[in-house]
Amino acid sequence: MNWNDMIYILPEVILTIGASAMLLVPVTGGRGAKLSAKWMMIILLAITAGALIYCSHAVENIDQSRQLQAMFALDGFSIFFKLLFIGAIAMLVMLSEDFLAEGKYSPWEYYSLLGFALCGMMFMASGVHLITIYIGLELLSLSSYILAGFYKSELKSTEAAMKYFILGAVSSAILLYGISLIYGVCGSLNLLDIAAAMSTIVTNDALMFGIMLLGAGLCFKIAAVPFHVWTPDVYEGAPTPIAAFLSTGSKAAAFAIFARIFYTGLHDFHLEWNYVLATISALSMIIGNLAAITQDNVKRMLGYSSIAHAGYVLLGVISLNALGLRGILMYSVVYVFANLGIWATVLMLRRHQYAGERVDDFEGLSRRSPLWAFAMVIFLLSLGGIPPTAGFIGKYFLFAAAVQAGFGWLAVIAVLMSAVSMFYYLRLVVAMYLREGVEAEFAITTPLRIVAGICLVVTLALGIVPSSLIDQAVLSSSHVAAHAALTPHAGR
Amino acid sequence: MTHTLLPVLIMMLIAVVVGVVMLALAWFVGGHARTASKQEPYESGVPSLDENRKRVNVRFYQIAMLFILFDIEAAFLYPWAVIYREASTGAQGMFLFGEMLVFIVLLAVGYVYVWKKKAFDF
């Protein structure tokens, strides 16, 4: 390592300095406390994004030291995900304004925790070493536990934070045990070294056990069945913007490390793990979608729906081909934008602390705000994967990848379960368009409008003109896919 | 591999059976007198002094957390100090020094935060 390497992690360094400064603003008082925390956070995110784009060009002329190269990659894959994360966090900052205004909680601490979480996510996207990935994951998780319990005096929020913390800590322990076993057999934690070591191993019980534990820990983080039980409870209890964060940004980060670890590191043992993951994927899709049908609470419904979406994304990991990796990249974008739009609606409908959560709260929305109801329909169709929206493109790539890899039966389950998912998504549409609503007041604030507008434009634009996203996904995944293509199983 | 572990399995089964049989016999054959002293936790025959499920002041946890936080600082400094003399030649040395400085500054941020939040006032 040397000082030149700093350019590679410059965005993360800026973000850490900014988030630390924001943490100190409220306690040290002074003139800083008078500034708007929201705008400081937006400026910080803009600087981070600018630094990221600058660095991605600047690093071409600067050699990365061998030590950093083994830990951290600033490649197309990571830049793609990092920009997605920054965008998602920026929209969450907009969504959080009302929530922070009504509670007596410090916005500075809230935004600084979001900043640290984003820093963890960025390290996850760039990590090519299991320790880097693990540290990033922990930074994200620890920030998320606190954020989930941000309503300190609210029993539900505390309960959610406690459940999330205990299950998260257990899953981290399982993940670490898996990592340690893999290190014991392969002698390295760098993903490329692990892949090289694995290519010489025919079979090894300790390694299999390690991969199993690593997979179980990762499945906890993306909330795949049977490691999903925490999801609905945490989403329901956590403050709504934080539930939105957990189901979008945080989840996309977990998809990124899932893809990176399995595509770059573990592809030689593809035949050993693909049927296990296929079962997990099928179960996630079936249980997530079927359980969502019976939910009357929209936050719980979105929790189960996010379990099902984890199952869809796993198709891209299982198929282990270029199409699958592109599918993961695209689906992450599509899923984040559609979901954020729905969460913005849930936030808009809140009348008191926990309102806007029941399906009944959506009744008559089409009459009160036709444009918003239309946007909501687009988001729901996108999650369901119906053609004019971006969700279709994402699902198309994932399902095609599964078919190409010989997992036709899994693609059939996925299509069937998408149809099932339309049932509960349409429940909201029915409530919005066909039911009389109580004339309750709700306030469409400008930040919410901006977020919903961005999500609507992105969801429609990527659905109608998907080529830009496809090109970007092809470009961004090329480096990671090159490794996967080396395996005999990948290209069939 | 399976048959070598068979004795262990048999031993575990016997252990379970013995335990269950003993408890079941005590339940079915023995008497069932419930007195207040029988409900108490066993303290070697000595009457127990106090309840053990009591509220504990949350500050104990606070102190424990703060201790762990700053204890980790020391745990990190040791390995760094061990290799620093050999590795601290040329530009690499300044980098190593800077890295540790960054770590301590980050901890100092946390220190100032908990200090100003009055976590040290008891």
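So, how was this worked out
- Residues numbered from 1 in each chain as written.
- Chains lettered and ligands numbered in written order.
- Predicted model: local features only at pLDDT ≥ 70, side-chain atom pairs only at ≥ 80, totals over all residues.
- Helix = DSSP H or I, 4+ residues; strand = E, 2+ residues; numbered from the N terminus.
- Buried ≥ 20, exposed ≤ 12 C-beta atoms within 10 Å, placed from the backbone.
- pLDDT = per-residue confidence, 0-100.
- Core = buried A, V, L, I, M, F, W, Y, C linked by C-beta atoms within 7 Å.
- Contact = placed C-beta atoms within 7 Å.
- Expected span 1.5 Å × (residues − 1).
- Bend = angle between axes of the 7 residues up to and from the residue.
- Axes fitted to C-alpha atoms, helices over the stretch in contact; angles between N-to-C directions.
- Parallel < 35°, antiparallel > 145°, perpendicular 65-115°, else oblique.
- Left-handed = near helix turned anticlockwise from the far one by under 90°.
- Nonpolar A, V, L, I, M, F, W, Y, C, P; charged D, E, K, R; others polar.

1. Focus on unusual backbone geometry
All names here are of chain A. Of note, the bond from V225 into P226 is cis; its omega dihedral lies within 30 degrees of zero at 5°. Mapped onto the elements of the fold, P226 is located in the loop between α9 (205–222) and α10 (230–237). With a phi close to 60°, A223 is a non-glycine residue in the positive phi region. On the secondary structure map, A223 appears in the loop between α9 and α10. Classification of A223 by C-beta neighbours within 10 Å gives buried; the count is 29. Its identity as a non-glycine residue notwithstanding, L320 has a phi of 50°, on the positive side. Along the polypeptide, L320 turns up in the loop between α14 (298–319) and α15 (322–348). By the C-beta count within 10 Å, which is 28 here, L320 ends up buried.

2. Some thoughts on the confidence of the model for chain B
Residue and element names in this part refer to chain B. Summing up the model confidence of chain B, the mean pLDDT is 84 and the portion of residues at 70 or higher is 98%. Within chain B, no element has a lower average pLDDT than helix α2 (residues 36–39), which sits at 76, and none a higher one than helix α1 (residues 6–29), at 93. Among the prediction metrics, the complex's ipTM stands at 0.78, with pTM recorded as 0.88.

3. Section: the nonpolar core
Residue and element names in this part refer to chain A. By size, the foremost hydrophobic cluster in this structure holds 190 residues, and its most contacted members are F85 and L315. When residues in this core are grouped by element, the largest group, 20 residues, is from α15. Those residues in contact with F85 that lie beyond four places of it in its chain are L118, M121, M122, G249, A252 and A253.

4. Comments concerning helix α4 (residues 76–102) of chain A
All names here are of chain A. Relative to the 39 Å expected for 27 residues at 1.5 Å per residue, α4 spans 40 Å between its end C-alpha atoms, a close match to the ideal helical length. Considering bend angle alone, the principal kink of α4 is centred on S96 and spans about 40°. Among the 27 residues that make up α4, 20 are buried, leaving the element largely enclosed by the rest of the structure.

5. Things to note about the packing of helix α13 (residues 270–293) of chain A against α14 of chain A
Residues and elements named next belong to chain A. One can describe the packing of α13 onto α14 by two numbers: an axis separation of 8 Å at closest approach and a directional angle of 155°. Taken together, α13 and α14 sit at an angle that is classed as roughly antiparallel. In the packing of α13 onto α14, the handedness of the crossing is left-handed. Between α13 and α14, the residues in contact are N274, L277, A278, I280, S281, S284, M285, G288, N289, A291 and A292 and M301, Y304, S305, I307, A308, A310, G311, Y312, L314, L315, V317 and I318, respectively. Here the residues of the contact of α13 with α14 are counted per class, giving 16 nonpolar, seven polar and no charged.

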